[in-house]
Amino acid sequence: MREAVRTTCAYCGVGCGISATPTGAREVTIRGDEAHPANAGRLCSKGTHLGETVGLSGRLLHPMIGDKRVRWDKALDLVAKRFRDTIARHGPDSVAFYVSGQLLTEDYYVANKLMKGFIGSANIDTNSRLCMSSAVAGHTRAFGEDVVPAGYEDLDKADLVVLVGSNTAWCHPIVYQRIQAARAERGTKLIVIDPRRTETCEGADLHLPLRPGSDVALMNGLLAWLAEQGMVDKAFMAAHVDAPEGFWEHLATGHDVWTTAQTCDLDPALLLQFYEMFAANPRTVTMFSQGINQSIRGTDQVNAIINLHLATGRIGQPGAAPFSITGQPNAMGGREVGGLASTLAAHMDFAAENVARVGRFWAAPTMATKPGLKAVDLFRAIGEGRIKALWVMATNPAVSLPDAGNVRAALEKCPFVVVSDVIANTDTTAYAHVRLPAAAWGEKDGTVTNSERTISRQRPFMALPGEAKPDWWIVKEVGRRMGWGSAFAYDTPADIWREHARLTGYQNDGARVLNLAAHAAIGNLAYDAMEPFRWGGTPFADGRFPTPSGRARMVKVGQMDLQAPLADWPLTLNTGRYRDQWHTMTRTGLAPKLARHREEPLVEVHPADALALDLTDGDLARVSTPQGNSTFRVQLSDGQRPGEIFTPIHWTDQISTGGRTGLLPRPLVDPHSGQPGFKSTPAALAKVETEWKGFLILRGDEPARVPCLWATRVAVPGGALYEIAGNGDAARIEACLPKGERIEAIDHTRGSRRIAVIVEGRLAGVLFVTRTGLLPSRDWLIGQLAAGDVGATVLAARGPGSQPDKGATVCVCFDIGLNQIVAAIREQALVDVPAIGRALGAGTNCGSCRPALAKILAQTNTAQANEEVLDAAE
Ligand SMILES: Nc1nc2c(c(=O)[nH]1)N[C@H]1C(S)=C(S)[C@@H](COP(=O)(O)OP(=O)(O)OC[C@H]3O[C@@H](n4cnc5c(=O)[nH]c(N)nc54)[C@H](O)[C@@H]3O)O[C@H]1N2
Ligand SMILES: Nc1nc2c(c(=O)[nH]1)N[C@H]1C(S)=C(S)[C@@H](COP(=O)(O)OP(=O)(O)OC[C@H]3O[C@@H](n4cnc5c(=O)[nH]c(N)nc54)[C@H](O)[C@@H]3O)O[C@H]1N2
Ligand code: SF4
Ligand SMILES: [Mo]
């Protein structure tokens, strides 16, 4: 066994430290790094199961031109030549990079420098445009610079935490656990503002299920009420904050409790409870993410929150801050290097003196002098033929951009598409002329910045497989081949780090808070050994802001008009994440344990809507919008508001025939930030009938194309499970089974079909289909993939003395299902989450399922109480 390597988690912006101990060439034991300030040793379900994703299944291992493997030299020469030729013929703005918050800072820096300093265009945008560009725009409007004025320790010190548009329990689980610890230890109050009742609400004191898009009305209403109560911090305002003309007059009308309650569709009593809790707790952290940012008025929503904090002086103080929590592991690093089309570099914009300064520093021949195209506009320009060469790095836009059908049409038309990815076949690489194999997590070497501005090292602990290369290396090789050898003469990530850090300090007299100059003059060994550190200290503690006047700015924001439902599109579609999947599933999709939490893409529907549409749990239904349609499995949920449905963003063409959320949202964006309004799209829902349903289990990781209406794949130990449904003869599905010894039971009258294929004594494939009956639990059959001899009784789908169905997996660490938990609560009269932990182990490792356990406990107790009432009545 080799020594443990300290690195940082591959996934979310919490940025947890990991201690990775390689146990084989592509095997690793993962533990939380106790010395890391972000997590102090804790990891959520995704981090805990990172080890399941480091195999080579599906990896892109060689440069490819079309379907032909080529040498690196050939691929890089082609990329350089095509970009050079396109620029020569059509100018610098005819090419573009579309990059990602999943690049390391060093990768990002090199890509940004090549585009903005040498190609001479700012057409480099990033998936962070879809993620937190409204927060960036909001910070810049209020503070003069994109600085997040909070740290995780503020959550320990706050008396009130308000989560707005954030499903923290699923998306930032370690931060959520920290908030829950503060609740337990200090009685910190927690309020959740989200149209859906998510698991984040399980541990909250108050949940405000507001009408989507009404957050400005809510925040303005609160500020108007505070002003009326005399709770505005006049001294702080006078010393440090400018409010625009008419700001208070604007709030003085139309923001009373009744009007606000009506706009937000909330009970006025609930609203007042929120107001009073906010008023009573000066130490407030308001944490927000996509429910705020991903709106066509996202920037105004951000400023409505910041206004509250400025007006009450709740900023720059321990436990008091507006806190934009970031999604991707290096969303913040991307902002620091300036990798958005709307920023230049190192927290500088395109003001002439900045362009000159950065041009001097880079010794750049052709500086971009104006912002480039933002993601949605950029892909529109590709579709219109204005951009003729595109390089995509570490993102999957064919899935994740709004109106993805049109994005695909644009990619199809683009004369030259390069994709750098770690995975060979994604919905985006399908359009690539050139695919470049990038280094993946565990091989990459560089730095990332988390939500609280802490910079940490990602360190490699595995060798680069095949011909994979780090992203920075790929970009600098293209830069060199385009003729700028000396500007891209980096040998190691440390070379790039030093240059980036120097630029942040270059001619920075304090006007820019971001200044890493103190970390610039370090040697390679010191870079390797770099400990996590946070830049910026406690921003704004002295009440000074990086605006020309040194004062923060309130922004006058009004509630947008909320449309009444449209006749053809009567529902509102909201989209977001699942606890155990990451985005387009290229990596979490490889982990059998993570697949168990949600095995199919669900559309969550309020029971009243389901009744009207004749839908029940487990049906298939088509979600349509003016942009497109896709089919999902129905799940009834009283956590939805009536009229609103929710679908997950994770499923792609690679793993499912349905669940394609990306096809559905409108490509409408916020006017300041260009961030799309992913959370709210007019939609319709209709049942999809099928004549039969079934499942298919196949050994190995070669994906099968199952020819039927519904087929969705998840990884299981040793193979894959497909849930399937369709019309007509199901016999054609048999073509998906491998060749081998067949055991079969086919009942034509009842339309049932059970087939198992045995190869060399081991189970290689199973197909179960029924037209009328029920299907057995898949668990035992899946277990047989790993077992040795399989007997002739395999079609019974259960072994001797096999256990009852465990139900949907809740705790992935210990593989505990819903049915087991309900049974234990009932039989052992368990009263709280720790008691469930003692009885079953569930929730005692990573803790990600504790909110789910709390919910199951409450539901089981209610069901039991109802049964007792009924019993008593009889
Ligand atoms: N498990 C998991 N974790 C992740 C990720 C992942 O893919 N999987 N991705 C990471 C990334 S990149 C990101 S950006 C973050 C995202 O983290 P979050 O922002 O927490 O996640 P989402 O599920 O996108 O949306 C958050 C919530 O906003 C609510 N919402 C919708 N409309 C409104 C509204 O009008 N007002 C309010 N107040 N709320 C609204 C939704 O109902 C939803 O519950 O997660 C990060 N962490
Ligand atoms: N409807 C809807 N759409 C959304 C959202 C939503 O809430 N609703 N959320 C948006 C948000 S916030 C985000 S952040 C995006 C995320 O959307 P994407 O960025 O498209 O999603 P990922 O699956 O993370 O894509 C990352 C790609 O990079 C590859 N990759 C991983 N590591 C590396 C590496 O080191 N180098 C290279 N070159 N490639 C690598 C992966 O295999 C994968 O193909 O989705 C956005 N889209
Ligand atoms: S909260 Fe989970 S996914 Fe996010 S960084 Fe920590 S371990 Fe990784
Ligand atoms: Mo994101």
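Remember, it's a predicted structure, so these values are computed and weren't measured experimentally.

A closer look at the overall build of the protein
Right, on to step 1. The helix and strand inventory of the protein stands at 28 helices and 34 strands.
Right, on to step 2. Here the protein has a C-alpha radius of gyration of 27 Å; the compact-globule value for 874 residues is 29 Å, and the two agree.
Right, on to step 3. C-alpha extents for the protein along the principal axes are approximately 80 × 75 × 55 Å.
Right, on to step 4. For the protein, the proportion of its 874 residues judged to be buried stands at 61%.
Right, on to step 5. Of the contacts formed within the protein by residues at least 6 apart in sequence, a portion of 71% connects residues at least 24 apart.
Right, on to step 6. Total accessible area on the protein stands at roughly 31,900 Å², and carbon and sulfur atoms take up 52% of it.
Right, on to step 7. Distance from the positive charge centre (90 side chains) to the negative charge centre (92 side chains) of the protein: 6 Å.

Examining helix H3 (residues 105-119)
Right, on to step 1. A rise of 1.5 Å per residue sets the reference length of H3, with its 15 residues, at 21 Å; its end C-alpha atoms lie 20 Å apart and thus fit the reference within 8%.
Right, on to step 2. Within H3, 15 of the 15 residues are buried, which leaves it mostly tucked inside the rest of the structure.
Right, on to step 3. Two residues or fewer after H3 comes Gly120, characterised by a positive phi angle close to 90°.

A word on the sheet that holds strand S18 (residues 454-458)
Right, on to step 1. Here 3 strands make up an open sheet; going across it, the order is S17-S18-S19 and the pairing antiparallel. Each of the sheet's edge strands pairs with one partner strand only, and the pair in question is strand S17 (446-449) and strand S19 (533-534).

Some points on the site of ligand 1
Right, on to step 1. Around ligand 1 there are 34 residues in total, and Asp194, Gly213, Ser289, Arg577 and Gln581 lie nearest to it.
Right, on to step 2. A distance of 3.1 Å separates a nitrogen atom of ligand 1 from a polar atom in the side chain of Lys46.
Right, on to step 3. At a separation of 3.0 Å, an oxygen atom of ligand 1 approaches a polar backbone atom of His583.
Right, on to step 4. Within the complex, 99% of the 910 Å² of free accessible area of ligand 1 lies under protein.
Right, on to step 5. At the level of elements, helix H6 (168-171), helix H13 (290-293) and strand S21 (571-576) are the ones that each hand at least two residues to the shell around ligand 1.
Right, on to step 6. Looking at side-chain class alone, the shell around ligand 1 contains 11 nonpolar, 16 polar and 7 charged residues.
Right, on to step 7. Counting contributing residues per domain, the shell around ligand 1 is built from domain 3 (133-324) and domain 4 (571-688), each supplying no fewer than three.

Details of the domain arrangement of the protein
Right, on to step 1. Parsing the protein into structural domains produces domain 1 (5-53), domain 2 (78-129 + 332-534), domain 3 (133-324), domain 4 (571-688), domain 5 (692-796) and domain 6 (809-873).
Right, on to step 2. The gap between the C-alpha centroids of domain 3 and domain 4 is 27 Å.
Right, on to step 3. Three residues stand out in domain 3 for area buried against domain 4, namely Trp170, Arg196 and Gln294, and they jointly supply 37% of the buried area on that side.
Right, on to step 4. Linking domain 3 to domain 4 there are 1 salt bridge.
Right, on to step 5. Arg641 serves as the salt-bridge partner of Asp265, at 2.9 Å between the closest nitrogen and oxygen.
Right, on to step 6. Scanning the region where domain 3 abuts domain 4 turns up 13 residue pairs in polar contact (both at pLDDT 80 or more).
Right, on to step 7. Of all elements in the fold, only helix H4 (133-143), H6, H13 and helix H14 (298-311) reach the threshold of two or more residues within the side of domain 3 that touches domain 4.
Right, on to step 8. In terms of residue count, H4 provides more of the side of domain 3 that touches domain 4 than any other element does, 4 residues in total.
Right, on to step 9. The class makeup of the residues in the side of domain 3 that touches domain 4 is 9 nonpolar, 9 polar and 7 charged.

Quick look at the site of ligand 2
Right, on to step 1. Near ligand 2 you find 32 residues, and of these Gln102, Ser400, Asp421, Lys444 and Thr584 are the closest.
Right, on to step 2. Between ligand 2 and His583, the relevant distance is 2.9 Å, taken from an oxygen atom to a side-chain nitrogen or oxygen of the residue.
Right, on to step 3. One of the side-chain N or O atoms of Lys679 is found 3.0 Å from an oxygen atom in ligand 2.
Right, on to step 4. Taken by itself ligand 2 offers 930 Å² of open surface, and the protein chains cover 98% of this.
Right, on to step 5. When atom positions are compared with the pocket grids, ligand 2 is found to occupy the largest cavity.
Right, on to step 6. In terms of residue class, the shell around ligand 2 is made up of 11 nonpolar, 15 polar and 6 charged.
Right, on to step 7. Of the residues that make up the shell around ligand 2, three or more belong to each of domain 2 (78-129 + 332-534) and domain 4 (571-688).

Some remarks on the environment of Glu384
Right, on to step 1. Inspection of the secondary structure puts Glu384 in the loop between helix H17 (375-383) and strand S14 (389-393).
Right, on to step 2. At 2.7 Å, the side chain of Glu384 forms a polar contact with the side chain of Arg386.

The rules behind these values
- Residues numbered from 1 in each chain as written.
- Chains lettered and ligands numbered in written order.
- Predicted model: local features only at pLDDT ≥ 70, side-chain atom pairs only at ≥ 80, totals over all residues.
- Heavy atoms only, no water.
- Helix = DSSP H or I, 4+ residues; strand = E, 2+ residues; numbered from the N terminus.
- Rg over C-alpha atoms; globule rule 2.2 N^0.38 Å.
- Buried < 20%, exposed > 50% of the residue type's maximum accessible area, 1.4 Å probe, protein only.
- Contact = heavy atoms within 4.5 Å.
- Areas by Shrake-Rupley, 256 points an atom, 1.4 Å probe, with all protein chains shown as cover.
- Lys, Arg positive; Asp, Glu negative; His and termini not counted.
- Charge placed at Lys NZ, Arg CZ, Asp CG, Glu CD.
- Expected span 1.5 Å × (residues − 1).
- Pairing = 2+ DSSP bridges.
- Near = heavy atom within 4 Å.
- Polar contact = N/O pair within 3.5 Å; in protein donor to acceptor, adjacent residues only side chain to side chain.
- Nonpolar A, V, L, I, M, F, W, Y, C, P; charged D, E, K, R; others polar.
- Domains from an automatic or database assignment.
- Buried area = accessible area lost by both parts, 1.4 Å probe.
- Salt bridge = Lys/Arg side-chain N within 4 Å of Asp/Glu carboxyl O.
- 1 Å grid on protein atoms, 1.4 Å probe; cavity = no way out; pocket = protein on both sides within 12 Å on 5 of 7 lines; lining within 4 Å.
- Sits in = over half its atoms within 2 Å of the grid points.

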